[in-house]
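Structure assessment
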Amino acid sequence: MQLNASRPIRATISATALRHNLARARHFAGHAKVLAVLKASAYGHGLLRAASALRSADGFALLDLGDAIRLREAGFAHRIVMLEGFFSAAELPEYSRYRLTAVVHREGQLAALEEARLAAPVDIMLKLNTGMNRLGFAPAVWADVVERVRRAAAVNAVTVMTHFACADDDRGISEQLAVFGRHCEGLPWPRSMANSATLMRYPEGHGDWVRPGIMLYGSSPFADQSALDLDLRPAMMLESEIIGIQNVMPGESIGYGATFRVERPMRIAVVACGYADGYPRHAPSGTPVQVGGQRTQTVGRVSMDMLMVDVTYLLTATIGTRVVLWGDGLPVDEVARAAGTVSYELLCALAPRVPVIETD
Ligand SMILES: *Cc1c(COP(=O)(O)O)cnc(C)c1O
């Protein structure tokens, strides 16, 4: 055993689950091509590890130039889309050299492409802001932008894209989709619009290149449909063990700030997992945890390296009993909901200090 892996916490990443979820994405996508979104270290699952498991995707989407180069150097010849594009014109030769597709979403990028003299022109995804007001050209300048892109010598193939703000709730995509349709009418270029929620709910929003992220990692983007309902499998399991037990009496309290007041005799287990491992500090008492295969809940504040759980009625729970923080049997979506956040935040916050085990 490695000495630095003696603390019992570990994350297990399942390549089988990743492949299964990609097959689900393909099932929804029909003829559309699939860009597997690998930003934020593949939502905490590890860039190269996830790319290997997802190598049958048609392309990858990410943010960081260094990550894109790492994928190329590891031999991935896929289309690689850079979701924020280049940050300065100085990066353009690398885009050309490594055949990266740049999302082009603002004037400065377009001007840089007009001026660039590149060994080989670059592919771009030209982004229209259809209402989310994050990245993208305003509809008012779009026609002009399209004309300039047509004339820019440094531009090779063009795909048009947008991103939906409410695909995961009942407001849906219709308003933004109408804006996109109106502005892209007659353009000869392929289209890319769909995140996981759009992919699973709105066939009319698929276009030619879909961009699933969260569903590949086995989590649901919807509040009203679980990952199980959607036949998605958790790709990450975060687990640890009980390293301490306290028997506490009414009138006592648990953890920092004494936020949990004990009202009946309780048996409390201390688990080697805290916010420095990526567990959300704002998870309140009552957040679900699985101990020795049975559900129970956290009590008191999460501390840096540990959290406490109620094992009063889990009679076999003792030092060394396995604890699942999320994964098989305890969907990360449930933990996220209890903590007032989304699974995305929990998955990508997995700390570098947590040893990762890959399973096939
Ligand atoms: C993150 C991201 C996606 C993937 O979204 P999910 O909700 O994880 O499927 C798709 N497109 C863009 C532009 C993104 O930033």
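You'll find the structure just up there.
Residues numbered from 1 in each chain as written. Predicted model: local features only at pLDDT ≥ 70, side-chain atom pairs only at ≥ 80, totals over all residues. Heavy atoms only, no water.

Turning next to the overall build of the chain. The helix and strand tally for the chain stands at eleven helices and 18 strands. Expressed along its principal axes, the backbone C-alpha trace of the chain runs to roughly 75 × 45 × 35 Å. Looking at the chain as a whole, 54% of its 360 residues are labelled buried. Within the chain, contacts between residues separated by at least 24 positions form 63% of all contacts whose residues are at least 6 apart in sequence. A distance of 2 Å separates the average location of the 36 positive side-chain charges in the chain from that of its 36 negative side-chain charges. (Helix = DSSP H or I, 4+ residues; strand = E, 2+ residues; numbered from the N terminus. Buried < 20%, exposed > 50% of the residue type's maximum accessible area, 1.4 Å probe, protein only. Contact = heavy atoms within 4.5 Å. Lys, Arg positive; Asp, Glu negative; His and termini not counted. Charge placed at Lys NZ, Arg CZ, Asp CG, Glu CD.)

Secondary-structure assignment places P355 in the loop between α11 (343–348) and β18 (356–359). Given a relative accessible area of 26%, P355 falls into the partly exposed group. Residues P355 and I9, 346 residues apart in the sequence, show an inter-C-alpha distance of 7.3 Å. Excluding anything up to four places from it in sequence, P355 contacts A5, I9, R10 and A11.

A complete count under the given rule lists 17 salt bridges for this structure. A salt bridge links E147 to R150, with the nearest nitrogen and oxygen atoms 3.1 Å apart. Here R150 and E147 lie together in helix α7 (residues 139–151), a separation of three residues that amounts to about one turn. Among the salt bridges present, the one from D169 reaches R171, with a minimum N-O distance of 2.6 Å. (Salt bridge = Lys/Arg side-chain N within 4 Å of Asp/Glu carboxyl O.)

Taken in spatial order, the eight strands make up an open sheet running β8-β7-β6-β5-β4-β3-β2-β9, and their pairing is parallel. With one partner strand each, in any of the chains shown, β8 (191–192) and β9 (209–210) form the two edges of the open sheet. With two bridges joining them, strand β2 (residues 33–37) and β9 adopt parallel strand pairing. Counted as the bridge partner of V34 is V210 from β9. Of the strands in this sheet, β3 (59–62), β4 (79–82) and β5 (100–104) touch helix α4 (residues 65–73), which is tilted by about 175° from β4. Each of β6 (122–127) and β7 (155–161) touches α7; the most contacted strand, β6, lies at about 175° to it. (Pairing = 2+ DSSP bridges. Axes fitted to C-alpha atoms, helices over the stretch in contact; angles between N-to-C directions.)

Right, let's get into the site of the ligand. Close contacts around the ligand come from 14 residues, with K39, Y43, S196, I214 and Y344 the closest. Note that an oxygen atom of the ligand is positioned 2.7 Å from one of the side-chain N or O atoms of K39. Between a nitrogen atom of the ligand and a side-chain N or O atom of R211, the distance comes to 2.9 Å. Contact with the protein chains covers 93% of the free accessible surface of the ligand, which is 390 Å². Residues of the shell around the ligand, tallied by class, amount to six nonpolar, four polar and four charged. (Near = heavy atom within 4 Å. Polar contact = N/O pair within 3.5 Å; in protein donor to acceptor, adjacent residues only side chain to side chain. Areas by Shrake-Rupley, 256 points an atom, 1.4 Å probe, with all protein chains shown as cover. Nonpolar A, V, L, I, M, F, W, Y, C, P; charged D, E, K, R; others polar.)

What follows deals with the nonpolar core. By size, the foremost hydrophobic cluster in this structure holds 119 residues, and its most contacted members are L38, L54, F60, L126, Y279 and W326. Sequence-distant contacts of L54, that is, excluding residues within four places in its chain, are made with L18, L22, A36, L38, F60, L216 and Y217. Formed by nine residues, the second largest nonpolar core is a distinct cluster that contains I254, M266, V270 and M308. (Core = buried A, V, L, I, M, F, W, Y, C linked by side-chain atoms within 4.5 Å.)

Our focus in this paragraph is the packing of helix α6 (residues 107–115) against α7. Where α6 contacts α7, the axes come no closer than 10 Å and their chain directions differ by 25°. For the element pair α6 / α7, the angle class is roughly parallel. As for the relative orientation of α6 and α7, their crossing is left-handed in sense. Across the interface between the two elements, E107, L110, A111 and E114 of α6 pack against V145, R148 and V149 of α7. For the contact of α6 with α7, the per-class residue count stands at four nonpolar, no polar and three charged. (Parallel < 35°, antiparallel > 145°, perpendicular 65-115°, else oblique. Left-handed = near helix turned anticlockwise from the far one by under 90°.)

In this section: the side chain of S192. On the secondary structure map, S192 appears in strand β8. Look past the residues within four positions of S192 in its chain and what remains in contact with it is M125, T159, V160, M161, T162, W209 and R211.

Okay, the pairing of strand β17 (residues 322–326) next. Of all five residues making up β17, four are buried, and the element is well covered by its neighbours. Two elements, strand β10 (residues 236–248) and β17, share four bridges in a ladder whose sense is antiparallel. Opposite E241, over in β17, you have R322 as the bridge partner.

This part takes up the pairing of strand β16 (residues 307–310). The two faces of β16 match: L307 and V309 on one face and M308 and D310 on the other face are all buried. Sheet topology note: the strand β13 (residues 266–271)/β16 ladder contains four bridges and is antiparallel. Counterpart to I268 in the pairing with β16 is D310.

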